[in-house]
Amino acid sequence: QVQLVESGGGLVQPGGSLRLSCAASGSIVNIYAANWYRQAPGKQRQLVAALRYGGSTEYLDSVKGRFTISGDNAKNTVFLQMNSLKPEDTGVYYCSIDHDFGSSWGQGTQVTVSS
C-alpha cells in the first residue's frame, strides 16, 4: 500500500507564496508520475502540475510561470512551489502518484488566497 500526506496549505494574501509538500510512504516499486490537482469550490478537480518519469513537467496554463513542481526521490517527497498567488488559485490541493499498482491519493490541503 501507498500512503500520501499533503501539508503546507493555509491562508495567504494575493501575491504571496506557499510551498506544498507531499510525503509518500509504503511499498512502491515503480513510480511513473507525481501530480498535483486542485478542486475549487463548485468546480471540477483539475490537474495543475505533473512530474513525469524522466523529469519532464507539465502545468495548467493558468499557473505556468508561477508554480513549480519538484521531487526529492531520496525523501519520497514531491513539492509544489506556488508564487504570485491569485484568488483564483483557492481550492483544495491533492497530491497523487501513478505507480505499478495504480494511483494513490492524499487527503488534500486547503489553500485560500484572500485579502
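Overview of the structure. Along each chain, the written sequence defines residue order, and numbers are assigned to residues from 1. Only residues with pLDDT of at least 70 get local features here, since the model is predicted, and only at 80 or more are side-chain atom pairs given and counted; chain-wide, interface and lining totals rely on the full set of residues. Only hydrogens and water are removed before side-chain values are computed, so all heavy atoms of the structure are retained for them.

### Digging into the pairing of strand E7 (residues 67–72)
So, step 1. In this description, strands pair whenever DSSP reports at least two bridges between them. Here a helix means four or more residues in a row that DSSP labels H or I, a strand means two or more in a row labelled E, and each is numbered from the N terminus. Of the pairings in the sheet, the one linking E7 to strand E8 (residues 77–82) comprises six bridges and is antiparallel in character. Counterpart to Ile69 in the pairing with E8 is Leu80.
So, step 2. Adjacent in sequence and paired antiparallel, E7 and E8 are bridged by four residues, among which Asn76 carries a positive phi angle near 50 degrees.

### Digging into the pairing of strand E5 (residues 46–52)
Regular strands place side chains that alternate from one sheet face to the opposite one.
So, step 1. Here strand E4 (residues 31–39) pairs with E5 via six bridges, running antiparallel. From the neighbouring strand, Asn35 faces E5, where its bridge partner is Ala50.
So, step 2. Taking the residues that link successive antiparallel strands as the turn, the E4-E5 hairpin has six residues, and the phi of Gly42 there is positive, at about 75 degrees.
So, step 3. In terms of strand pairing, E5 meets strand E6 (residues 57–59) through three bridges, oriented antiparallel.

### Remarks on the pattern of salt bridges
So, step 1. Each salt bridge in this description consists of a side-chain nitrogen of Lys or Arg and a carboxyl oxygen of Asp or Glu lying within 4 Å of one another. Throughout the structure, instances matching the rule amount to four salt bridges.
So, step 2. Taking the shortest distance from any N to any O, the salt bridge between Asp61 and Lys64 comes out at 3.0 Å.
So, step 3. On the accessibility criterion, Asp61 (60% relative accessible area) is exposed.
So, step 4. The buried label applies to any residue whose accessible area, calculated with a 1.4 Å probe on protein chains only, is under 20% of its type's maximum; exposed applies above 50%, and partly exposed to all values in between. Using a relative accessible area of 48% as the deciding quantity, one classes Lys64 as partly exposed.
So, step 5. Salt bridges sharing common partners tie together Arg38, Arg66 and Asp89.

### Notes on the sheet that holds E8
So, step 1. Strand order in the open sheet formed by four strands is E1-E3-E8-E7, and the pairing between neighbours is antiparallel. Looking at strand neighbours, the two that pair on one side only are strand E1 (2–7) and E7, the edges of this open sheet. Between one strand axis and the next, the sheet turns by 15 degrees as a mean value, whatever way the strands run. Where helices are involved, their axes are fitted lines through C-alpha atoms of the stretch in contact, as for all axes, and angles between N-to-C directions lie from 0 to 180°.

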